[in-house]
Amino acid sequence: MWTIGGRTRLVGVMGWPVAHSLSPAMHNAAFAALGLDWAYVPLAVPPDRVGEAVRGLAALGFAGANVTVPHKEKVIPFLNHLTPAAQAIGAVNTIVVSPDGELTGDNTDAAGFLADLREEGIEPNGRRPLILGAGGAARAVAYALGQAGAEPVAIAARDLTKARRLADALHAATGKAFLTGRLPEDLSELAREADLIVNATPVGMAPHQADASPWPEALAMRPEWVIYDLVYVPTETRLLRQARAHGARGIGGLGMLVHQGAAAFRLWTGVDPPIAVMRRACEERLRSRE
Ligand code: NAP
């Protein structure tokens, strides 16, 4: 039987709160499946101690860490390097610690979203996406889609200033075209040209908003659309039910979660992760909570 020992490599996830995270179950299942002497732990880091925690990773001999809400931006000043993706997105979800203790921040949400989209058989190049929300996940998705050849990328947020700020920053970083609008007033206009709708707001997420949708009931969806909901709890959101009712294709956020984790796993271990094992571990953890 495997036990944690003196040679066990450590990784973890920093968040506040972090107890609900599926990442420990997902990564530990992958380590076990490959027989790797690694362990992944939840790291509950209060907002005023982010700097201490990030610097402590190298001191404690961690190989790296994931970073989740609300620390994805706050960790940046404490890192030595950022990848071009993390730099352009302005948020870090994965830290890699080099053997000499240097900390590099990356963002695998972007790559994870694209990997899942492609696994679902959807090529982003040439798509015209409409992203709902202008927070951290929206930034990663908008960057990923722009880099993958989708143009223009439209961003709709309830605060138009935030949508414009995001569009300007990504345009400056990537040279791609971005459109903006207010949520929900401008949805109908922006949706006219779109063929891939991405919900990057928490609307629809359990437990507080489980019966809500960011898409107004009165607004039709076209059957040729793909509706991608980043929310993965519950797996069948109201938005996905709306998509089905209009004959459109709906995809939930669990695949992105698995693929962003798989990309982080690869960065830390240099080994190809067992994606199916990781997905199953997440599904089992979600089922055990129902
Ligand atoms: P965030 O940084 O807090 O951003 C949330 C965005 O949603 C903001 O633009 C916010 O607007 C907007 N919003 C919140 N409530 C809203 C409402 N009632 N109506 C309209 N807009 C609303 O959060 P995040 O990190 O981007 O995460 C967003 C969602 O994506 C979460 O559900 C998260 O679990 C999910 N996510 C999934 C994955 C995955 O792997 N599947 C990865 C990352 C995130 P304001 O700025 O005006 O508040």
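Residues numbered from 1 in each chain as written. Predicted model: local features only at pLDDT ≥ 70, side-chain atom pairs only at ≥ 80, totals over all residues. Heavy atoms only, no water.

(A) Structural view of the overall build of the protein chain. Counting its secondary structure elements, the protein chain contains 10 helices and 12 strands. Relative to the 2.2 N^0.38 estimate, which gives 19 Å for 290 residues, the radius of gyration of the protein chain is 19 Å and therefore close to what a compact globule would have. By principal-axis analysis of the C-alpha atoms, the protein chain measures approximately 60 × 40 × 35 Å. In the protein chain, which comprises 290 residues, the share counted as buried stands at 50%. Taking the contacts inside the protein chain whose residues are at least 6 apart along the sequence as the reference set, 69% of them involve residues at least 24 apart. Summing over all exposed atoms, the protein chain offers an accessible surface of approximately 13200 Å²; the carbon and sulfur share of this is 53%. (Helix = DSSP H or I, 4+ residues; strand = E, 2+ residues; numbered from the N terminus. Rg over C-alpha atoms; globule rule 2.2 N^0.38 Å. Buried < 20%, exposed > 50% of the residue type's maximum accessible area, 1.4 Å probe, protein only. Contact = heavy atoms within 4.5 Å. Areas by Shrake-Rupley, 256 points an atom, 1.4 Å probe, with all protein chains shown as cover.)

(B) View of the nonpolar core. In this structure, F113, I131 and L145 are the most contacted members of the largest nonpolar core, which totals 36 residues. Taken together, the elements giving at least two residues each to this core come down to helix 3 (84-89), helix 4 (108-119), helix 5 (136-147), strand 8 (153-157), helix 6 (160-174), strand 10 (196-199) and strand 11 (226-229). The element that contributes the greatest number of residues to this core is helix 5, accounting for 7 residues. Contact partners of L145, with chain neighbours within four places excluded, come to F113, L114, L117, P124, P129, I131, A150, V153 and L196. (Core = buried A, V, L, I, M, F, W, Y, C linked by side-chain atoms within 4.5 Å.)

(C) Representation of the site of the ligand within the structure. Not every one of the 20 residues close to the ligand is listed here, only the nearest: A134, A137, R158, K162 and G253. Here R158 contributes a side-chain N or O atom positioned 2.9 Å from an oxygen atom of the ligand. Separating a nitrogen atom of the ligand from a backbone N or O atom of L230 is a distance of 3.0 Å. Across the complex, the protein chains shield 76% of the 920 Å² of accessible surface that the ligand would expose by itself. Counting only elements with at least two residues in the shell around the ligand, the list comes to helix 5 and helix 9 (254-269). (Near = heavy atom within 4 Å. Polar contact = N/O pair within 3.5 Å; in protein donor to acceptor, adjacent residues only side chain to side chain.)

(D) Focus on empty space enclosed by the protein. Scanning the model with the defined rule gives 1 cavity of 30 Å³ or more in all. Approximately 40 Å³ is the volume found for the largest cavity. Considering the residues around the largest cavity, the lining is formed by R128, P129, P152, A154, L179, L190, E193 and A194. For the lining of the largest cavity, the class distribution of residues is 6 nonpolar, no polar and 2 charged. (1 Å grid on protein atoms, 1.4 Å probe; cavity = no way out; pocket = protein on both sides within 12 Å on 5 of 7 lines; lining within 4 Å. Points joined across faces, edges and corners; volume = space filled by probe spheres on them. Nonpolar A, V, L, I, M, F, W, Y, C, P; charged D, E, K, R; others polar.)

(E) Quick peek at the pattern of salt bridges. According to the stated counting rule, one finds 14 salt bridges in the structure shown. A salt bridge links D109 to K72, with the nearest nitrogen and oxygen atoms 2.8 Å apart. Of this pair, D109 sits in helix 4 while K72 sits in the loop between strand 3 (64-67) and strand 4 (81-82), and the two are 37 residues apart along the sequence. Neither residue differs from the other here; D109 and K72 are each classed as buried. Close ionic contact of R222 with E224 constitutes a salt bridge, the shortest N to O distance being 3.0 Å. Put simply, D211, E217, R238 and R241 are held in one network by salt bridges that share partners. (Salt bridge = Lys/Arg side-chain N within 4 Å of Asp/Glu carboxyl O.)

(F) Examining the sheet that holds strand 5 (residues 94-97) more closely. Pairing is mixed in the open sheet, where 6 strands are placed in the order 2-1-3-5-6-4. The open sheet has two free edges, formed respectively by strand 2 (38-44) and strand 4, since each of these has just one partner strand. Inspection of the sheet shows strand 3 paired to strand 5 by 3 bridges, in the antiparallel sense. Residue G64 lies in a different strand from strand 5, and its bridge partner there is V96. Strands in contact with helix 9 are strand 1 (9-15), strand 2, strand 3, strand 5 and strand 6 (103-106); relative to strand 5, the strand with the most contacts, it is inclined by about 10 degrees. (Pairing = 2+ DSSP bridges. Axes fitted to C-alpha atoms, helices over the stretch in contact; angles between N-to-C directions.)

(G) How the structure looks around the side chain of N199. Among the secondary structure elements, N199 is positioned in strand 10. Among the polar contacts listed, one links the side chain of N199 to the backbone oxygen of V203, at a separation of 3.3 Å. The residues touching N199, leaving out its near neighbours within four places in the chain, are L132, P214, Y228, D229, L230, V231 and L239.

(H) Looking closely at the sheet that holds strand 12 (residues 249-251). Read from one edge of the open sheet, 6 strands run 9-8-7-10-11-12, paired in parallel fashion. Where the open sheet ends on each side, the last strands, each with one partner, are strand 9 (178-182) and strand 12. When the angles between neighbouring strand axes are averaged without regard to direction, this sheet yields 20 degrees. Note that strand 8 and strand 9 share 5 bridges and pair parallel. Paired with A154 across the bridge in strand 9 is L179. This element, helix 6, spans strand 8 and strand 9 of the sheet and lies at about 175 degrees to strand 9.

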